[in-house]
Amino acid sequence: MTIKEIARLCNVSPATVSNVINGKHKAGSETAQRILDVIREQDYHPNQIAQGLRRQSTKMVGLLAEDMTMFCTPLIIDGIMRFCEDNGYNVILENMRLYARWQDTWFRNNQKYQSVLQPALKELMSLHVDGMIYIAGHERIVEGFEEISVPMVAAYTYTTTHRIPAVVIDDEKGGYDITSYLISMGHRKIGVLAGEIDNLHTQARIRGYQKALFENGILCDLSLIHYGAWNRKGGYEAAGYFENRDITAMFCFSDQIAGGVYDYLHEHHVEIGRDISIAGYDDQTMAEYMYPSLTTMQLPLYDIGYHAAQKLVGILAGQQPEDDDTERLPCRLLERGSVVRIGN
């Protein structure tokens, strides 16, 4: 159903229908009511893209998600949706399904990555979105956006294009805060179960860990840092590495790593929250239901989405982003049952 067809049914001009739809009320009240009745009966909806092309703005934001199955992605999208809804923008989502296609093997295979990224970008551009938000599964540096002709913001990642702002978590502060908390609970020999050594999350959290040790007069023993996989299996293997190292607490760089530590310690009859303290990172759903419940860092995922949308809409309104504009949002410590105070 088009405006012309509505006009024909009402025996008026298309301009009259358009005026009624846009609230200009140039038609008489009886005519306007007849037009509105026909619109409801025919379930007519204006073509937003066509309207947007006429006014040079579609009021649509394109979301480019690496994979909807990643635990961080839904909350980021929820934050974006909330801001867009409150500010009159519609959202179009393009889910690239990178993890579903190739697990994590695509990280170092740019050909695979670009084979999905570039068609997805073209698809969103063909829908005449006003701007885009790229949503990553975890922080790293992504590329391939040099030719984008609309404003763009990166959420939970960085790009090689300096004009694209980024909104990420403050991992260094998160590592600092949780290490400081463990120290405040009496722990001085704290084992670190990190992710891969070249990962941005790993590097930032290590810096925070080292800063907290330094400020509390504790020497950083590099033998107490173990790099490995981010998953439960990696945590299980890392727990074995620390078996005879006389530590009183473990700082796990993900809740999944902590899950593997729990498995290992339960098998070896070590009681968590009494014999040893465990802290995680991410606040995935599993953390609250582990026994004892896991002390961890809650990621500001919703806020990342909200701030990314706010930043993009600001650019669309005429604000000029600075080169290498990065906003870092703090995590929140959640104290649960897996950490015990020791000493005096």
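Note on numbering: residues in each chain are counted from 1, in written sequence order. With the structure being a predicted model, the display of local features is reserved for residues of pLDDT at least 70 and the display and counting of side-chain atom pairs for 80 or more, all residues being used for whole-chain, interface and lining totals. Derived side-chain values reflect all non-hydrogen atoms in the structure, with water molecules and hydrogen atoms excluded from consideration.

Caption draft 1: Structural context of the overall build of the protein chain. Secondary structure elements follow DSSP: runs of H or I of four or more residues count as helices, runs of E of two or more count as strands, with numbering from the N terminus. When helices and strands are counted, the protein chain shows 13 helices and 14 strands. By the compact-globule yardstick of 20 Å for 344 residues, the protein chain is too spread out, its C-alpha radius of gyration being 26 Å. Along the first, second and third principal axes, the C-alpha set of the protein chain runs to 85 × 40 × 35 Å. Using the Shrake-Rupley algorithm and a 1.4 Å probe, accessible areas are obtained, with residue cover drawn only from the displayed protein chains. Surface summary for the protein chain: the accessible area is close to 17100 Å², and the carbon and sulfur share equals 48%. In this charge count, Lys and Arg are treated as positive and Asp and Glu as negative; neither His nor the chain ends contribute. To locate a charge, take NZ of a lysine, CZ of an arginine, CG of an aspartate or CD of a glutamate. Side-chain charges of the protein chain comprise 32 positive and 44 negative groups, with the mean position of each set lying 5 Å from the other. For the radius of gyration, the atoms used are the C-alpha atoms, and the globule rule reads 2.2 Å times the number of residues raised to 0.38.

Caption draft 2: Summary view of helix 5 (residues 73-86). A rise of 1.5 Å per residue sets the reference length of helix 5, with its 14 residues, at 20 Å; its end C-alpha atoms lie 20 Å apart and thus fit the reference within 8%. Residues of helix 5 that are buried: Thr73, Ile76, Ile77, Gly79, Ile80, Phe83 and Cys84. Projection of helix 5 onto a plane perpendicular to its axis shows the buried side chains occupying an angular sector of 155 degrees, all on one side. By the convention used here, residues are in contact when the closest approach between their heavy atoms is within 4.5 Å. Each element contacted by the buried residues of helix 5 is listed here: strand 1 (60-65), strand 2 (90-95), strand 3 (131-135), strand 5 (152-155) and helix 13 (301-316). Count one or two residues on from helix 5 and you reach Gly88, which has phi positive near 75 degrees. Here a helix's expected span is defined as the number of its residues, less one, multiplied by 1.5 Å. Relative accessible area decides the class of each residue, using a 1.4 Å probe on protein chains only: under 20% of the type maximum gives buried, over 50% gives exposed, and in between gives partly exposed. Each direction from the helix axis to a C-beta atom contributes to the arc, which is the arc of those directions.

Caption draft 3: Broad picture of the sheet that holds strand 1. Paired strands are those between which DSSP finds at least two bridges. In spatial order, the strands read 2-1-3-5-7-13; together these six strands make up an open sheet with parallel pairing. Looking at which strands have only one partner, the edges of the open sheet turn out to be strand 2 and strand 13 (326-329). Averaged over all neighbouring strand pairs, the angle between strand axes comes to 20 degrees, with direction disregarded. As defined by bridge partners, strand 1 adjoins strand 2 across six bridges and the pair is classed as parallel. Residue Met60 lies in a different strand from strand 2, and its bridge partner there is Asn90. Inter-axis angles, ranging from 0 to 180 degrees, are taken between N-to-C directions of lines fitted to C-alpha atoms, where helices are fitted over the stretch in contact.

Caption draft 4: Quick look at the nonpolar core. The criterion is simple. A nonpolar core is a set of buried Ala, Val, Leu, Ile, Met, Phe, Trp, Tyr and Cys residues joined through side-chain atoms within 4.5 Å. Grouped together as the largest cluster of nonpolar side chains are 96 residues, with contacts concentrated most on Ile133, Tyr134, Phe145 and Ile278. Sorting elements by how many residues they give to this core places helix 13 first, with seven residues. Not counting chain neighbours up to four residues away, the residues in contact with Ile278 comprise Met250, Cys252, Ala258, Val261, Tyr262, Leu265, Ile272, Leu294, Thr295, Ser338 and Val339. Ranked by size, the runner-up nonpolar core spans 10 residues in total, among them Ile6, Cys10, Ile39 and Tyr44.

Caption draft 5: A look at the packing of aromatic side chains. Ring pairs are drawn from Phe, Tyr and Trp, using the six-membered ring of Trp, whenever the two centres fall within 6.5 Å, and their geometry is named by plane angle: stacked under 30 degrees, edge-to-face over 60, tilted for the rest. Applying the stated criterion across every chain, the model contains nine aromatic pairs. Here Tyr99 and Trp106 contribute two aromatic rings whose centre-to-centre distance is 5.5 Å and whose plane-to-plane angle is 85 degrees, an arrangement assigned as edge-to-face. For Tyr99, a relative accessible area of 10% puts it in the buried group. By relative accessible area, Trp106 is classed as buried at 2%.

Caption draft 6: Here's a closer look at the pairing of strand 10 (residues 249-252). The two faces of strand 10 match: Ala249 and Phe251 on one face and Met250 and Cys252 on the other face are all buried. When strand 8 (residues 190-194) meets strand 10, the two strands line up parallel, connected through four bridges. Looking at strand 10, one finds that Gly191 is bridged to Met250. Alignment of strand 10 against strand 11 (residues 277-279), held across three bridges, turns out to be parallel. Opposite Phe251, over in strand 11, you have Ala279 as the bridge partner. The crossover handedness rule: strands pointing away from the viewer, path from first strand over the helix to second strand clockwise, crossover right-handed. This β-α-β element, strand 10 to helix 11 (residues 255-267) to strand 11, shows right-handed connectivity.

Caption draft 7: Structural context of the sheet that holds strand 10. With respect to topology, four strands assemble into an open sheet ordered 9-8-10-11, the strand pairing being parallel. Looking at which strands have only one partner, the edges of the open sheet turn out to be strand 9 (225-227) and strand 11. Sheet twist, expressed as the mean angle between neighbouring strand axes with direction ignored, is 15 degrees. Taken strand by strand, helix 8 (residues 171-184) contacts strand 8, strand 10 and strand 11, and its axis lies near 165 degrees from that of strand 10.

Caption draft 8: Geometry of the pattern of salt bridges. For this analysis, a salt bridge means a side-chain nitrogen from Lys or Arg found within 4 Å of a carboxyl oxygen belonging to Asp or Glu. Using the criterion set out here, one finds 12 salt bridges in the structure. A salt bridge links Asp263 to Arg232, with the nearest nitrogen and oxygen atoms 2.7 Å apart. Placement of the pair is Asp263 in helix 11 and Arg232 in helix 10 (residues 232-241), with a sequence separation of 31 residues. For Asp263, a relative accessible area of 26% corresponds to the partly exposed category.

Caption draft 9: Molecular detail of the environment of Ala239. In this structure, Ala239 sits in helix 10. Exposure remark for Ala239: the relative accessible area of 2% places this residue in the buried category. Ala239 has contacts with Leu193, Met250, Val261 and Tyr264, leaving out every residue within four places of it along the chain.

Caption draft 10: Highlighting the layout of surface pockets. Cavities and pockets are defined on a 1 Å grid built over the protein atoms alone: a cavity is a set of grid points where a 1.4 Å probe fits but cannot escape, while a pocket is an open set with protein on both sides within 12 Å along at least five of seven lines, and lining residues are those with an atom within 4 Å of any such point. Grid points are joined across faces, edges and corners, and a volume is the space filled by probe spheres set on the points. Volume-wise, the largest pocket comes out at about 850 Å³. Along its surface, the largest pocket is lined by 29 residues, and Tyr99, Phe107, His138, Asn199 and Trp230 are the ones closest to its centre. Of all the secondary-structure elements, those providing two or more residues to the lining of the largest pocket are helix 6 (98-102) and helix 9 (200-215). Per element, the largest residue contribution to the lining of the largest pocket is three residues, and it comes from helix 9. Classification convention: Asp, Glu, Lys, Arg as charged; Ala, Val, Leu, Ile, Met, Phe, Trp, Tyr, Cys, Pro as nonpolar; all other residues, Gly among them, as polar. Looking at the lining of the largest pocket residue by residue, the class counts come to 11 nonpolar, 10 polar and eight charged.

Purely spatial values, then, with no claim about function.
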